[in-house]
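# Coordinate inspection notes
Residues per chain are reported as follows:
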Amino acid sequence: MPTERSRTTTLASEPTRLATLLRPQDRDRVEAAGAGLVDARHRESIDELHRDLRLARVDAVLVSVDQCDAKTAQGLARCVREFPLVPAYALLGTDVANAVPTALALGRAGVRRLIDVRSPAGWNELRHLLAQERQQGVESRLRSMFREALPAMNSDARRFFDALAAGASRLRTVRELCRVLGVRAPSVTSRFYRAGVPAPKRFLAMTRLVRAAALLENPGLSISQVAYRLGYSSPQCFNRHVRRWSGQTAATFRSANGLDRMLQVFRRELIDPYVTQLEQLRPYGGPRVQRPPVAGGRPTGLARAA
């Protein structure tokens, strides 16, 4: 049984999951350029790539101009239309003159950038782009929000909120979060209560709503697919969670909220009213803090604000 001061297992930042449609000779070079940044999944057809977008988490799409024809460009346009938050990029590794028609078709399909990898500078550009993409994920957006809203938080509080952000897509209970941190859930919950801030389960619930809002911005994902991707046992269980914490059905939540709005709601409901207490919070021990009254109830007020 770990003690509160024992060594902890931290949630490392996940690599960017990259779905690719590349020339065989480009695959190893892409993995080398993205070493430490990406988990590349190489596919043979646009249909396989589209299936990845529907059934697995994909953070970015990368295609070789040489691997694309008119049919592939049409399929890629469908991917971009159904998954607008997943950026698509193309690699140019052949003669420019022969590639111009395909490159133009990919641009019309929604490819954000064409990267010329006929020189080492192009591979450096790709690595820089992948690094930027990693910083724009839900995890990074949450971490940035916490640090902007709580600039003076102590190391204990920062450790808690970093773990909360890192587990946005896979932690389901406070017990799981505390197991990662190597502390006992009842102790952490008690310290939140004594500090006069909302319970840890409210922070975790809101974090999961943020992640859900990001996924639901993709028209290509059904509510059922989002539910299973977030680890819920059924769409009904997901709907109950959304209704409990937002006051809305999953369908209404989808139409009324996106990632940016949910980050604003998170900060307005759970951060801004408690800045002083949260910055002084000691989830793992330390002196007791006089508990002021907690304003507000459990729901986030989304239904009222919608």
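The paragraphs below set out a description of the structure included in this document. (Residues numbered from 1 in each chain as written. Predicted model: local features only at pLDDT ≥ 70, side-chain atom pairs only at ≥ 80, totals over all residues. Heavy atoms only, no water.)

### Examining the sheet that holds strand S4 (residues 88–92)
Strand order in this open sheet of 5 strands is S2-S1-S3-S4-S5, and the pairing throughout is parallel. Only two strands of the sheet have a single neighbouring strand rather than two, namely strand S2 (38–42) and strand S5 (113–116). Between one strand and the next, the sheet's axes are offset by a mean angle of 25°, whatever the strand orientation. Summarising the sheet, strand S3 (residues 60–64) and S4 pair through 4 bridges and their orientation is parallel. Within S4, the residue paired with Leu62 across the bridge is Tyr89. Along the sheet face, helix H1 (residues 24–33) touches strand S1 (16–21), S2, S3 and S4 and points at about 165° away from the line of S2. (Pairing = 2+ DSSP bridges. Helix = DSSP H or I, 4+ residues; strand = E, 2+ residues; numbered from the N terminus. Axes fitted to C-alpha atoms, helices over the stretch in contact; angles between N-to-C directions. Contact = heavy atoms within 4.5 Å.)

### Quick look at the side chain of Asp26
As for its position among the elements, Asp26 is in helix H1. Residue classification places Asp26 among the buried residues on the basis of a relative accessible area of 3%. A polar contact is formed between the side chain of Asp26 and the side chain of Ser64, at a distance of 3.2 Å. The residues contacting Asp26, other than those within four sequence positions of it, are Ser64 and Trp123. (Buried < 20%, exposed > 50% of the residue type's maximum accessible area, 1.4 Å probe, protein only. Polar contact = N/O pair within 3.5 Å; in protein donor to acceptor, adjacent residues only side chain to side chain.)

### Some points on helix H9 (residues 185–195)
Along H9, the residues that are buried comprise Ala185, Ser187, Val188, Arg191, Phe192 and Ala195. Relative to the axis of H9, the buried residues are bounded by an arc of 165° and lie together on one face. Packing partners of the buried residues in H9 comprise helix H7 (155–166), helix H8 (174–181), helix H10 (200–216) and helix H15 (275–280). Gly196 sits one or two positions beyond H9 and adopts a positive phi of about 75°. (Arc of directions from axis to C-beta.)

### Some remarks on the environment of Leu150
Looking at the element boundaries, Leu150 is found in the loop between helix H6 (138–149) and H7. Residue class for Leu150 comes out buried when judged on its relative accessible area of 0%. On a C-alpha basis, the gap between Leu150 and Ile271 in space is 8.0 Å, while along the polypeptide they are 121 residues apart.

### Some details on the nonpolar core
The biggest cluster of nonpolar side chains holds 79 residues, and the ones touching the most others in it are Phe146, Phe238 and Phe266. Ranked by the residues each element gives to this core, the list is headed by H10, at 11 residues. Not counting chain neighbours up to four residues away, the residues in contact with Phe146 comprise Met153, Phe161, Leu164, Ala165, Phe266 and Ile271. Grouped together as the second largest cluster of nonpolar side chains are 16 residues, Leu18, Ala33, Leu37 and Trp123 included. (Core = buried A, V, L, I, M, F, W, Y, C linked by side-chain atoms within 4.5 Å.)

### What about H7?
The end-to-end C-alpha separation of H7 is 16 Å, in line with the 16 Å expected for 12 residues at 1.5 Å each. Judged by how many residues are buried, H7 sits mostly within the fold: 9 of 12 residues are covered. Among all positions of H7, only Asp156, Ala157, Phe160, Phe161, Asp162, Ala163, Leu164, Ala165 and Ala166 are buried. Check the buried side of H7 and you find it contacts H6, H8, H9, H10 and H15. For H7, the side-chain oxygen to backbone nitrogen distance between the N-cap and Asp156 is 2.9 Å, and the N-cap itself is Asn154. (Expected span 1.5 Å × (residues − 1).)

### Quick word on the packing of aromatic side chains
Overall, the coordinates contain 8 aromatic pairs when judged by the stated rule. Ring centres of Phe146 and Phe161 lie 4.8 Å apart, and the angle between their planes is 45°; this geometry places the pair in the tilted category. Here the residue Phe146 occupies a position in helix H6, and Phe161 occupies one in helix H7, the gap between them amounting to 15 residues. For the pair Phe146 and Phe161, a shared accessibility class is recorded, and that class is buried. Ring centres of Phe160 and Phe161 lie 5.3 Å apart, and the angle between their planes is 85°; on these two criteria the pair is classed as edge-to-face. In this pair, the class of Phe160 matches that of Phe161, namely buried. An aromatic cluster is built from Phe146, Phe160, Phe161, Phe192, Phe203 and Phe266, whose rings are joined through pairwise contacts. (Phe/Tyr/Trp six-rings, centres within 6.5 Å; stacked < 30°, edge-to-face > 60°.)

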